[in-house]
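Residue-level structure breakdown
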Amino acid sequence: WKGLKYSRHRPTSARARHALTKLGIEEGTLTEKAGIEQLEQLRFAWRGDKFEFAILSELGDRYADVLDYRKSLHSLRQAASYFPHSDRADSIARRMKEIFESMYIEDGGRKIPPLSSIALYQEFKELTPIGDKGDTMISKLADRLVDVDLLEQAGDLLEEQVEFRLQGEEKARVGNRLSLIRLLERDPEGSLTALDRTEVEELPDELKQQRLHLRARALAEQGKEDQALKLLAADESLDALRLKSDILWDLRRWGDVGKMLGKLVPASPPEGRLLSEEESQAIINLAIAQTMGEDNEGLKLLRDNYSLAMSKGPQGDTFKLLTNSHDSGSVTSIAEELKQVSQVQAFMDQYRNRLKTAPLSEIN
C-alpha cells in the first residue's frame, strides 16, 4: 500500500491511501481527527464511482463518532444524492435517520450546543419520523430549548408541530405548552392565538382548566382584566386564586387582593419547620394588601398568627414594621414602597419554578 500510494494510476493511488488511512485509525497511529482530514482529501482524489460513495459513507459514520452531526449528515446526504441508483442508497438513508433520531430522541439534542441543535433540526427535519416517535423527538428538543431560555425557537418548533402533525387531545396539550411559552415571552396575543388554533372538544377537565387559566393570564396582560376575572369567577383552584391575586394586585384592588391572598395563606404557620421563601413572601404580600386596604382586623390576626414564625426568617423586620407600627401613615408609606417592588406574580412564578426542575413537556 505504501508503494502503491504514489502510483501514477490515480484510482490505485486513491485506494491505497484509503487503506492506509483506515489501518492507521484502527491501529491508533492516526487520531480520529487526522484520519477524517485524510478522508476529506481523498474525496477529491478520485470521483464519480463506488470509491467516492464509500468515502462519503465512511465520513458520515466517522463524523457521527466524534459528534459532528452536521458534517455527518451532510456527507451522507451527498452520498445519497450523488449516487441515487447505488445498491446501498437505501442503507445510507436509513443511516441518516438513525443518526438524526439518536441526536434528539435520546437526550433532546444535548450533545451539541442548543442553537446548533435547532439549526440542524430545521436543516434536516425531513428526517423526522412520522407518528409518536417524531412527536417525542420534537417534544424533547423543545424541552431542551426552554431549558436554556431559547423560548422563541421552542415556540416556533411547537407551532409547526400543532399546525402540521397533531390532532385531538395531544394537539390541545401541546397548544397549552405553546401558549405558556408565548406568555413567558410576554406575547399575550401569541398565547391566545395558540389556544384558539388548538381548540378541541371533549378534553379532560385538568387540561380545560389549564387552558382557561392561560387564557385569563393572556387577557389580563392585554389590559382586559375584567374579562379575565369573569372567566375565573367560579374557579377556586389554587392556580385560579393565584391568578386572581395577580390581576387584582395590578388593579390595586387591595380589599379583594387581601381576600384572595388570605385563601392562599394558611390560618396558622406549618409546625416543625421554618417558612419557605415563597411562604414568607406570600405573607408579606398579604400584609401589604391588608395595609393598603386598611384591613386592621386582618393585620392583627396575621400578626397574632405569624409573628413568631416570621421573626425566624429574613423578612421578620419587614413583617414587624407592617403589622406592629402604631403610626398608620408610616405603615402605609412602607407598604406603598413595598408594593412597587413586590409584584405578586404567583401564577407565572409557579410555572417558572416548575420549569427549573422539570421539562416543559411535564407541565400537563
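These numbers come from a predicted model, not from an experiment.

What follows concerns the overall build of the chain. Broken down by element type, the chain carries 19 helices and zero strands. With respect to the principal axes defined by its C-alpha atoms, the chain has extents near 100 × 45 × 30 Å. Looking at the chain as a whole, 45% of its 364 residues qualify as buried. In the chain, the proportion of contacts linking residues at least 24 apart, taken out of those at least 6 apart, comes to 58%. When the accessible surface of the chain is split by element, carbon and sulfur atoms take 49% of a total near 19,400 Å². Side chains of the chain give 53 positive and 63 negative charges; the mean places of these two sets differ by 7 Å.

With that out of the way, let us pick up the environment of Arg-211. As for its position among the elements, Arg-211 is in helix α11 (residues 205-221). According to the relative accessible area criterion, Arg-211 is buried, its value standing at 5%. Sequence spacing of Arg-211 and Ser-86 is 125 residues, and the spatial spacing of their C-alpha atoms is 52 Å. If near-sequence neighbours (up to four positions away) are discounted, Arg-211 is found in contact with Ala-172, Asn-176, Leu-195, Thr-198, Glu-199 and Leu-203. A polar contact of 2.7 Å, which involves the side chain of Arg-211, links it to the backbone oxygen of Leu-195.

Note that Leu-73 resides in helix α4 (residues 69-82). A relative accessible area of 0% places Leu-73 in the buried class. Distance in space between the C-alpha atoms of Leu-73 and Arg-95 is 9.1 Å, their sequence separation being 22 residues. If sequence neighbours within four positions are ignored, Leu-73 has contacts with Met-96, Ile-99, Phe-100, Met-103, Phe-124 and Leu-127.

For the pair helix α7 (residues 131-147) and helix α8 (residues 151-164), the least separation of the axes is 8 Å and the interaxial angle reads 160°. Relative to α8, α7 is oriented roughly antiparallel. Crossing hand, α7 versus α8: left-handed. Note on element contacts: α8 touches α7 through Leu-151, Gln-153, Ala-154, Leu-157, Leu-158 and Gln-161, opposite Asp-135, Ile-138, Leu-141, Ala-142, Leu-145 and Val-146. Its residues placed into classes, the contact of α7 with α8 shows nine nonpolar, two polar and one charged.

Approximately 270 Å³ is the volume found for the second largest pocket. For the second largest pocket, the lining is made up of 18 residues, of which Gly-262, Leu-286, Gln-290, Gly-298 and Leu-301 are closest to its centre. Among the secondary structure elements, those contributing two or more residues to the lining of the second largest pocket are α14 (254-264), α15 (277-292) and α16 (296-311). A breakdown of the residues in the lining of the second largest pocket according to their chemical character gives nine nonpolar, seven polar and two charged.

Counting through the fold element by element, Ser-361 comes out in the segment after α19 (346-357). At a separation of 2.6 Å, a polar atom in the side chain of Ser-361 contacts the side chain of Asp-143. Aside from chain neighbours lying at most four places away, what touches Ser-361 is Ser-139, Asp-143 and Arg-177.

The final tally for this structure, using the stated rule, is six aromatic pairs. Between Phe-53 and Phe-83 the ring centres are 5.6 Å apart and the planes differ by 90°, which places this aromatic pair in the edge-to-face class. Pair noted here: Phe-53 is in helix α3 (residues 50-65) and Phe-83 is in the loop between α4 and α5 (89-104), with a separation of 30 residues, a long-range link. Geometrically, the ring pair formed by Phe-100 and Tyr-104 is edge-to-face, given 5.2 Å between the ring centres and 70° between the ring planes.

What follows deals with unusual backbone geometry. Phi at Arg-186 is positive, roughly 60°, even though this residue is not glycine. The residue Arg-186 is located in the loop between α9 (168-184) and α10 (188-197) in this model. Of the residues examined, Arg-186 reaches a relative accessible area of 66% and is grouped as exposed. For Glu-294, which is not glycine, the phi dihedral falls at a positive 55°. Here Glu-294 is to be found in the loop between α15 and α16. In this structure Glu-294 comes out as exposed when scored by relative accessible area, which is 67%.

Rules behind the numbers
Residues numbered from 1 in each chain as written. Predicted model: local features only at pLDDT ≥ 70, side-chain atom pairs only at ≥ 80, totals over all residues. Heavy atoms only, no water. Helix = DSSP H or I, 4+ residues; strand = E, 2+ residues; numbered from the N terminus. Buried < 20%, exposed > 50% of the residue type's maximum accessible area, 1.4 Å probe, protein only. Contact = heavy atoms within 4.5 Å. Areas by Shrake-Rupley, 256 points an atom, 1.4 Å probe, with all protein chains shown as cover. Lys, Arg positive; Asp, Glu negative; His and termini not counted. Charge placed at Lys NZ, Arg CZ, Asp CG, Glu CD. Polar contact = N/O pair within 3.5 Å; in protein donor to acceptor, adjacent residues only side chain to side chain. Axes fitted to C-alpha atoms, helices over the stretch in contact; angles between N-to-C directions. Parallel < 35°, antiparallel > 145°, perpendicular 65-115°, else oblique. Left-handed = near helix turned anticlockwise from the far one by under 90°. Nonpolar A, V, L, I, M, F, W, Y, C, P; charged D, E, K, R; others polar. 1 Å grid on protein atoms, 1.4 Å probe; cavity = no way out; pocket = protein on both sides within 12 Å on 5 of 7 lines; lining within 4 Å. Points joined across faces, edges and corners; volume = space filled by probe spheres on them. Phe/Tyr/Trp six-rings, centres within 6.5 Å; stacked < 30°, edge-to-face > 60°.

Distances and angles like these do not, on their own, reveal function.
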